[in-house]
Each structure stands twice: as C-alpha cells, then as structure tokens.
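Structure at a glance
Listed below, chain by chain, are the residues.
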Amino acid sequence: MRRMNHKPYIPHPFQFLMLFIVWLLLTHRYSLGNMLLAAILAWLVPIAAMAIRAPTTPVRRPLKAISFFWLLLGDIFVSNIVVAKQVLGATERLRPGFIAVPLDMQAALPITLLASTISLTPGTVSIEITEDHQFLYVHALHVESEKEMVDRIKRRYEKPLKEIFQC
Amino acid sequence: MLLIELATGFCLMVGAIFLLVGSIGLFRLPDFYMRLHGPTKATTLGLGAILTASIIFFSFRGDGISTKEILIIWFIFLTAPITAHMLSKAALHVRQKPRADTLNQDRLASIRERRQ
C-alpha cells in the first residue's frame, strides 16, 4: 500500500508511540542508543505486521482520549468505594440485574473499549453483545433504576468514545 | 524520607483494603454473576495502588525512577475486563442460575443466543 505524501515517515503514529514507550519501559534503560533502537523497532514492527492487521477505527481526538482516561480512573476509584460499601453491607438488599444498553456505534474497537470500560467500573460487567451490535448486555450488582443506569453509561462513557472516534 | 515512607504505606494500605474487600465480596455474594464483581475490579484498583506504592518506594532508592510497574498496571487494566467477560460468557453457556430476584432474568436465553 502506498503512503500518502504528507505523512511518509511514520505510517502508524499511534502504534509507533505505544511500541516506543513499551520498549523503553520493558528494557528500562533510557540511554540515547536504546531510544534510537526503540524508535527503529517502533517504526519497523508496525510495517512488518501490516499484513496481519485487522482494520481498526483510527483515534480522531487524542486529547479527548486522554481526558477520558482520567475520567475513567476517577470513576474506577469512586465507584470502588461504593461497591465496597455494598459488598460489606446487607447483600440480601442488593437488587442485581441484567440490563440491555442500546448502542449508537457499530465499529468493533469503540464497542470493545466501551465494554471494557463498563467492566472496569465497579458494579457493572459487560456480558454479551447482540450479533447485530445493537445492544450490549450488562450485569449490574445493584440496579436502582434501569433507565437511569443505561442513561449514565450512554452519557458518561459512550458519548466521549463516540467523540474520540468520530463515529 | 519519612514522607516517602508515609506515601508508600498509604498506597499499600489502600491497595490491601481493596483487595480484602474484593475477596470478601467473592465470599459473601450469593450468585456467580455477582461474585464476578468482587475479584475483577476491587483487585484491579487494589493491585494498582500496591504497584503505585512500589513505584514510589523504588524510585527514591537512588536507582532512578522505577517504571516497570506502569506496564504491569497497563496490562492488568487491559486484561481484567476480558477475563470478566470470558467468565461471564462461560457462566451463561453452562446455564448458571442467577439469584431469584435478579432483574430481567427472563432475557437470559436471548442474551445467550445474542439476540435482542
């Protein structure tokens, strides 16, 4: 595949960055030589692996992705405390339930990220997705109101993901 | 030095508490799907806190900043949801019964078959 003219040197900037960082963290040496090696590897490996790559959705708004990451981290912390209270309290009073979250996106990567987000935030685990990608089934530890829960997931996690991927 | 020890101790305590809560959840919650919540997430945060303690502790011992833990945290965050998903999927297919008062359990069959 020919590259476009205005971006000839690094065909996969995101993967380049990821591999570069991971290599440096793994080898744990921050000398100039090692950084050069990391850069070469991060440049070569995505090109070599191009043949076996599945088509993915590109990240369109990297800055939004970073702020989403911080939101997620905060939510994981806060809702862990909520769940800790539920677990240590009277478990008979919990109302567990399966809820169906209607999806507004179709692409695999954003849905995977949404499902992982749901699983990481305590109180909810994503269980299954319908074959036509219309609904994501979620198991919740405690359902106050089904509609509220679906709204929260859509507003808090799906909306920023849609903006990040512009889909 | 005292400040670093305090920060390390604090992170270790937070991590240990969340890990303990996760294990208590595994023990106390009544059905499979609810039990899944304890170990998959409390442990993620618990391990995160303990590894943060490790970063703080080893970064101030003079061998430069310790960064390997960041990778461990990253990989745990990547794999924990997948484990939870696979476990719950397996539970669905061997027809694990959820607790009797679970909401929408009449939809379990369609969830299993990935219909709406």
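A short note on the overall build of chain B
The number of helices and strands found in chain B is 5 helices and 0 strands. Along its sequence from the N terminus, chain B presents helices and strands in the succession α-α-α-α-α. A compact globule built from 116 residues should have a C-alpha radius of gyration of about 13 Å, whereas chain B, at 19 Å, is more than 25% larger. Across the 116 residues in chain B, those meeting the buried criterion constitute 30%. Contacts in chain B between residues at least 24 apart in sequence constitute 61% of all its contacts with a sequence separation of at least 6.

What to know about the overall build of chain A
Each helix and strand counted, chain A has 5 helices and 3 strands in total. Reading chain A from its N terminus to its C terminus gives the helix and strand order α-α-α-β-α-β-β-α. Against the globule reference of 15 Å for 167 residues, chain A gives a C-alpha radius of gyration of 20 Å, more extended than a compact globule. Across its three principal axes, chain A shows a C-alpha extent of roughly 60 × 40 × 25 Å. Out of the 167 residues in chain A, the part that is buried amounts to 26%. Long-range pairs, those at least 24 residues apart, make up 68% of the contacts in chain A with a sequence separation of at least 6.

Observations concerning the interface of chain B and chain A
Every contact between the two is made by 41 residues of chain B and, on the other side, 37 residues of chain A. Secondary structure elements with two or more residues in the side of chain B that touches chain A: α1 (2-28), α2 (32-35), α3 (37-59) and α4 (68-93) of chain B. In terms of residue count, α4(B) provides more of the side of chain B that touches chain A than any other element does, 11 residues in total. Its residues placed into classes, the side of chain B that touches chain A shows 20 nonpolar, 12 polar and 9 charged.

Some points on the pairing of strand β3 (residues 135-140) of chain A
Residue and element names in this part refer to chain A. Here β3 lies mainly inside the structure; 5 of its 6 residues are buried. Two elements, strand β1 (residues 97-102) and β3, share 6 bridges in a ladder whose sense is antiparallel. Bridge assignment links P102 to a residue of β3, and that residue is F135. By the bridge criterion, 5 bridges tie strand β2 (residues 124-129) to β3 in an arrangement that is antiparallel. Following the sheet pairing, V125 is matched in β3 by H139.

Quick word on the sheet that holds β2(A)
Residues and elements named next belong to chain A. Read across the sheet, 3 strands follow the order β1-β3-β2 without closing on themselves; strand pairing throughout is antiparallel. Two strands in the sheet have a free side with no partner beyond their single neighbour: β1 and β2. Put simply, the sheet's adjacent strands are angled 30° from each other on average, direction ignored. Contacts between helix α4 (residues 108-120) and the sheet are confined to β2 and β3, with β2 contributing the most and set at about 145° to the helix.

Points about helix α1 (residues 13-27) of chain A
In a regular helix each residue adds 1.5 Å, so 15 residues correspond to 21 Å; α1(A) covers 21 Å between its end C-alpha atoms and thus fits that length. One or two positions beyond α1(A), positive phi appears at H28(A), with a value near 65°.

Looking at the environment of A84(B)
If you trace the backbone, A84(B) turns up in helix α4. With 43 residues separating them along the chain, A84(B) and K41(B) place their C-alpha atoms 9.1 Å apart.

With respect to helix α5 (residues 146-165) of chain A
Residues and elements named next belong to chain A. Taking 1.5 Å of rise per residue, the 20 residues of α5 would be expected to cover 28 Å, and the 27 Å separating its terminal C-alpha atoms lies within 8% of that figure. The largest bend in α5 comes to about 35°, at E158, with the proline P160 one to four residues further on. Among the residues making up α5, those that are buried are I153, Y157, E158, L161, I164 and F165. Buried residues along α5 sit against α3 (62-88), β1 and α4. Phi turns positive one or two residues past the end of α5, at Q166, with a value near 50°.

Focus on the confidence of the model for chain A
Confidence in the prediction for chain A averages 83 pLDDT; 93% of positions are at 70 or higher. Looking across chain A, the model is least confident in α1(A), with a mean pLDDT of 85, and most confident in helix α2 (residues 32-48) of chain A, with 89.

Some remarks on the environment of F135(A)
Tracing the backbone through its elements, the reader meets F135(A) in strand β3. Assessed through the 19 C-beta atoms surrounding it within 10 Å, F135(A) is described here as partly exposed. Sequence separation of F135(A) and V101(A) is 34 residues, and the distance between their C-alpha atoms is 5.4 Å. When neighbours within four sequence positions are excluded, F135(A) is seen to be in contact with A100(A), V101(A), P102(A), L103(A), T130(A) and Q116(B).

What counts and what doesn't
- Residues numbered from 1 in each chain as written.
- Chains lettered and ligands numbered in written order.
- Predicted model: local features only at pLDDT ≥ 70, side-chain atom pairs only at ≥ 80, totals over all residues.
- Helix = DSSP H or I, 4+ residues; strand = E, 2+ residues; numbered from the N terminus.
- Rg over C-alpha atoms; globule rule 2.2 N^0.38 Å.
- Buried ≥ 20, exposed ≤ 12 C-beta atoms within 10 Å, placed from the backbone.
- Contact = placed C-beta atoms within 7 Å.
- Nonpolar A, V, L, I, M, F, W, Y, C, P; charged D, E, K, R; others polar.
- Pairing = 2+ DSSP bridges.
- Axes fitted to C-alpha atoms, helices over the stretch in contact; angles between N-to-C directions.
- Expected span 1.5 Å × (residues − 1).
- Bend = angle between axes of the 7 residues up to and from the residue.
- pLDDT = per-residue confidence, 0-100.

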